[in-house]
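What follows is each chain in one-letter form.
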Amino acid sequence: MDAMSSEEYASQSKLLQEFTNVPSIGSAWLFKTNNEDRSTAMFSISQPDLLANNKRKCILHSHIVTRATMPVECHWSPFPTEMTGVSVVVPSPSGSKLLVVRNGEKGSRTRLQILNQSHVQKEIHVDQSIHGPLYSDEWFQGISWNQEETFIAYIAEQTPQPKPAFDDIGYRRGGSSEEDCNSWRGQGDWEEDWGETYSRKGRPSLFVLDIASGEVRAARGITKSMSVGQVVWAPPSSRGRQNLLVFVGWLERNGFQSTARKLGIKYCSNRPCSLYAIHSPFEEEPNAEDTSVSGSKSSSASVATNLTPIISSAFFPRFSKDGKLLVFLSSKRAVDSGAHNATDSLHRINWPSDWKADQQLSATDVVPVVMCPQDGCFPGLYCSSMLSDPWLSDHRTMVLTSAWRSTEVILSIDVLSGEVTRITPEDSDHSWSALAISGNNVLSVSSSPIDPPQIRYGRRASTEDHGTHAWVWDEVTSPLTAASNKVKALLSGHKLSILRIPVPNPSVELSDGGQLPFEAIFVSCEDGSQKPTVLILHGGPHSASVSSYSKSSAFLASLGFNLLVVNYRGTLGYGEEALQSLPGKVGSQDVKDCLAALDHTIKEGLVDASKVAVVGISHGGFLTTHLIGQAPERFAAAAARNPVCNLSLMIGTTDIPDWCYAVACGAEARRLASESPPLDHLRILHQKSPIAHISKVKAPLLMLLGGADLRVPASNGLQYARALRERGVEIKTIMFPEDTHEIDIPRSDFESFLNMGVWFRKHLKQI
């Protein structure tokens, strides 16, 4: 590294630290007190710890005071409390108890602590012979207290099958422990996992803890070929017993041509799943039919019953507060089309007060899939998560966070009438996310690419003052705001706008939704038309870049770059027809959209056409490498994080080979898909790939790769990088051996964006 580069690294790393130090809010809870106008909020916040190379988790408390005509008041605890070694915390329904989960390393016990307001009431150490660590990710995680707060149901890793034992004589039929002299364990049969981020994790399985006795039991009667998650307790029956559990089940026969395979599930809502009900292992229904979900005989009296057998997708089950409704989301459009994400729908089951396992239940559509939204109207549901308690006090209105074009908004949905209302300000370009609900009050967070997260407290306004369904959102001053004051100062000269981009030369074959304008988020710095611009492209392709705060984007903006963040057609939040216009046309339609967005800003005099760089991750990296190959004169530099560069190579190495077929072949993908693609398939995949245009690339490229990436294995990026070097193009490759697809281990994340800033400054200064 020369002296100039060294100075640039030192300067930028100091700047990046300012952005890294800003804490982020993960989740929050609201608890009512005896005083009607007072409640208590608990926030889970995190912050990268670069020295320890993990994320530091803390809990922060606040007392909230609300008066009818006055702004909300918050009184904060003086300091946050660090939760060392804590995987997840879950308060009980009343807020009087707290479950603290400490997942040990592989081979060690899991610790479950039950806290009340003054001390640790109970601590249970669960041996690995019962189960492994609890799942704490947003997809499989399910931790549910029962109403009486005597049992907790949760999802944990099933203990793996015993490994074969050997000694100096040979195979030991009786087995042996690891510690026995002169013996060792073999590997046994390989068991497939759920791919990216789930590597070497045990099967997600359902367990129940009896708090009084400390006993943990596994749910019985669930077929061994099912993975389970998102468990919730059903409401008490008419006899006052609460012994039913409802969960999501994924059967493992979802490979090509219905073969047994666990295709990668991270970011993929197109994996078929259903809602199931089963009795708690501590209170099973007497004389129950002795069959498992698959129809075979089981030794357990408990039976897993499919509640949604005619719907190909059902997840995020939630019971209304009065126990009369079971509401859930469905991504059946993704399952049916093969797109890895698509527009969601919302459904309702009227829950009987004394449901029997043989009683058929029917699901009613509440919010259907929106195909082609009218201008400015609701574009459909796009929910990546759901609050554990999403209900307002009327028992029929739920609150969801959903993508709405280039923003994220908070919606209220009347699950009886199906009425959908946007309750966050319609004139706001910020993105909003609901954190917790109490009565008719919503605790939320809002942010923009140039405004760090700000806590907001929403309440229904009186109809006389504001009209029906009006909401008032109070800004809450918090210690978290103070932490970002320097960042705000660095971004104070920047401006945010959301640009509407007309579709370039729309084909008559396109659907109406596919011809609608798409959007780009534009962050301009002072004298932006003279400054360099970074084109930022999201992955997926069926995901979205919403107008929320991002540490990495804010850092690039602070370096003096304009940011152009393109939501090309195929992005979530624009209706199903626009989303489905892309499969089969990747490498052409999405590339044209990105160039159209860039041309639009140039035509409007917003950016300098000679000073443009491009960056993307995953499918965004696919577009990055396509753009520098198809439009080599347009870009002065590029950076790609775990990019898809060669679909014909990826299909044999990725955990989602179906994705390769879906994006390249569109509607024909399901018919053509094969684990052994013939030559003509490989030819199509190659033609759709950036590597087909590699001979035209001129822009210097920074390649950032995760060595443990199962989604787009590092071999994809390495092949492309080596091919560029062979052609004399400047290429810099950084490998993060322990990182997966996101490259989000704190040190790796820091180093990747530091190198990106230095790379762009270096090559854009040369112009």
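In this text the structure is predicted, and so the values were computed from the model without any measurement.

(A) Just the overall build of the protein chain, in detail. Helix and strand counts for the protein chain come out as 15 helices and 38 strands. The globule rule puts the C-alpha radius of gyration for 767 residues at 27 Å, and the 26 Å found for the protein chain is close to it. Here the C-alpha coordinates of the protein chain stretch approximately 80 × 75 × 55 Å along the principal axes. Taken over 767 residues, the protein chain has a buried fraction of 57%. Sequence separation of 24 or more characterises 63% of the internal contacts of the protein chain that already satisfy a separation of 6 or more. With the model as given, the accessible surface of the protein chain reaches about 32400 Å², and the carbon-plus-sulfur share is 49%.

(B) Looking closely at the packing of aromatic side chains. Scanning the model with the defined rule gives 23 aromatic pairs in all. Here the aromatic rings of tyrosine 135 and tyrosine 198 are separated by 6.2 Å at their centres, their planes lie at 40°, and the arrangement is tilted. Of this pair, tyrosine 135 sits in the loop between strand 9 (120–126) and strand 10 (143–145) while tyrosine 198 sits in the loop between strand 13 (183–185) and strand 14 (204–210), and the two are 63 residues apart along the sequence. When sorted by exposure, tyrosine 135 lands in the same class as tyrosine 198, which is buried. Seen in terms of ring centroids, phenylalanine 315 and phenylalanine 316 are 5.2 Å apart; in terms of plane orientation they differ by 75°. Their pairing is edge-to-face. Overall, phenylalanine 315 belongs to the buried group, its relative accessible area being 2%.

(C) Molecular detail of the sheet that holds strand 38 (residues 731–736). Taken in spatial order, the eight strands line up as 31-32-34-33-35-36-37-38 in an open sheet, and their pairing is mixed. Both outer strands of the open sheet, strand 31 (495–501) and strand 38, are each paired with one neighbouring strand and no more. With direction set aside, neighbouring strand axes in the sheet form an average angle of 15°. Inspection of the sheet shows strand 33 (residues 533–537) paired to strand 35 (residues 612–617) by five bridges, in the parallel sense. Considered in strand 35, the bridge of leucine 535 is made with valine 614.

(D) Structural detail: the sheet that holds strand 18 (residues 274–279). Across the sheet, four strands lie side by side as 16-17-18-19; this open sheet has antiparallel pairing. In this open sheet, the two strands that pair with only one neighbour each are strand 16 (226–233) and strand 19 (305–306).

(E) Local environment of the pairing of strand 28 (residues 441–448). Among the eight residues of strand 28, eight are classified as buried, and the element is accordingly described as predominantly covered. Burial along strand 28 is two-sided: Asn441, Leu443, Val445 and Ser447 and Val442, Ser444, Ser446 and Ser448, pointing in opposite directions, are all buried. Here seven bridges tie strand 27 (residues 431–438) to strand 28, and the two strands are oriented antiparallel to one another. Looking across to strand 28, one finds that alanine 436 is bridged to leucine 443. With antiparallel pairing between neighbouring strands as the criterion, strand 27 and strand 28 make up a hairpin whose turn holds two residues, including glycine 439 at a positive phi of roughly 65°. Of the pairings in the sheet, the one linking strand 28 to strand 29 (residues 451–460) comprises seven bridges and is antiparallel in character. Residue asparagine 441 lies in a different strand from strand 29, and its bridge partner there is arginine 459. Two successive antiparallel strands, strand 28 and strand 29, enclose a turn made up of two residues.

(F) Seen up close, the nonpolar core. Of all hydrophobic cores here, the largest spans 64 residues; its most connected members are Val566, Phe635, Leu647 and Tyr720. Looking at which element gives the most residues to this core, the answer is helix 11 (residues 657–665), with seven residues. Apart from residues lying up to four places away in sequence, valine 566 is in contact with Phe518, Glu519, Ala520, Leu535, Ile536, Leu537, His538, Asp593, Cys594 and Ala597. Ranked by size, the runner-up nonpolar core spans 63 residues in total, among them Val228, Ile311, Phe315 and Met386.

(G) Examining the side chain of arginine 641 more closely. You can see arginine 641 is positioned in strand 36 (residues 637–641). No salt bridge is formed by the buried arginine 641. Its closest oppositely charged neighbour is aspartate 749, at 4.3 Å. Within the structure, the side chain of arginine 641 is placed 3.1 Å from the backbone oxygen of glutamate 742, a separation counted as a polar contact. At 3.3 Å, the side chain of arginine 641 and the backbone oxygen of isoleucine 743 are in polar contact. Non-local contacts of arginine 641, meaning those with residues more than four positions away in its chain, are made with Gly616, Ile617, Ser618, Leu704, Glu742, Ile743, Asp749, Ser752, Phe753 and Met756.

(H) Up close: the domain arrangement of the protein chain. Split into domains, the protein chain comes out as domain 1 (126–162 + 192–284 + 302–369) and domain 2 (493–646 + 689–765). Domain 1 puts 17 residues into the contact, and the matching count from domain 2 is 15 residues. Overall, the association of domain 1 and domain 2 removes approximately 1100 Å² of surface from exposure, summing both partners, and the carbon and sulfur fraction of that is 51%. Broken down residue by residue, the surface that domain 1 buries against domain 2 is led by Glu196, Tyr267 and His340, which jointly contribute 45%. Ionic pairing is found between arginine 333 and glutamate 576, a salt bridge with its closest N-O pair at 3.3 Å. Counting the contacts that link domain 1 with domain 2 gives ten residue pairs in polar contact (both at pLDDT 80 or more). Broken down by class, the residue content of the side of domain 1 that touches domain 2 amounts to six nonpolar, eight polar and three charged.

Scoring rules and cut-offs
Residues numbered from 1 in each chain as written. Predicted model: local features only at pLDDT ≥ 70, side-chain atom pairs only at ≥ 80, totals over all residues. Heavy atoms only, no water. Helix = DSSP H or I, 4+ residues; strand = E, 2+ residues; numbered from the N terminus. Rg over C-alpha atoms; globule rule 2.2 N^0.38 Å. Buried < 20%, exposed > 50% of the residue type's maximum accessible area, 1.4 Å probe, protein only. Contact = heavy atoms within 4.5 Å. Areas by Shrake-Rupley, 256 points an atom, 1.4 Å probe, with all protein chains shown as cover. Phe/Tyr/Trp six-rings, centres within 6.5 Å; stacked < 30°, edge-to-face > 60°. Pairing = 2+ DSSP bridges. Axes fitted to C-alpha atoms, helices over the stretch in contact; angles between N-to-C directions. Core = buried A, V, L, I, M, F, W, Y, C linked by side-chain atoms within 4.5 Å. Lys, Arg positive; Asp, Glu negative; His and termini not counted. Salt bridge = Lys/Arg side-chain N within 4 Å of Asp/Glu carboxyl O. Polar contact = N/O pair within 3.5 Å; in protein donor to acceptor, adjacent residues only side chain to side chain. Domains from an automatic or database assignment. Buried area = accessible area lost by both parts, 1.4 Å probe. Nonpolar A, V, L, I, M, F, W, Y, C, P; charged D, E, K, R; others polar.

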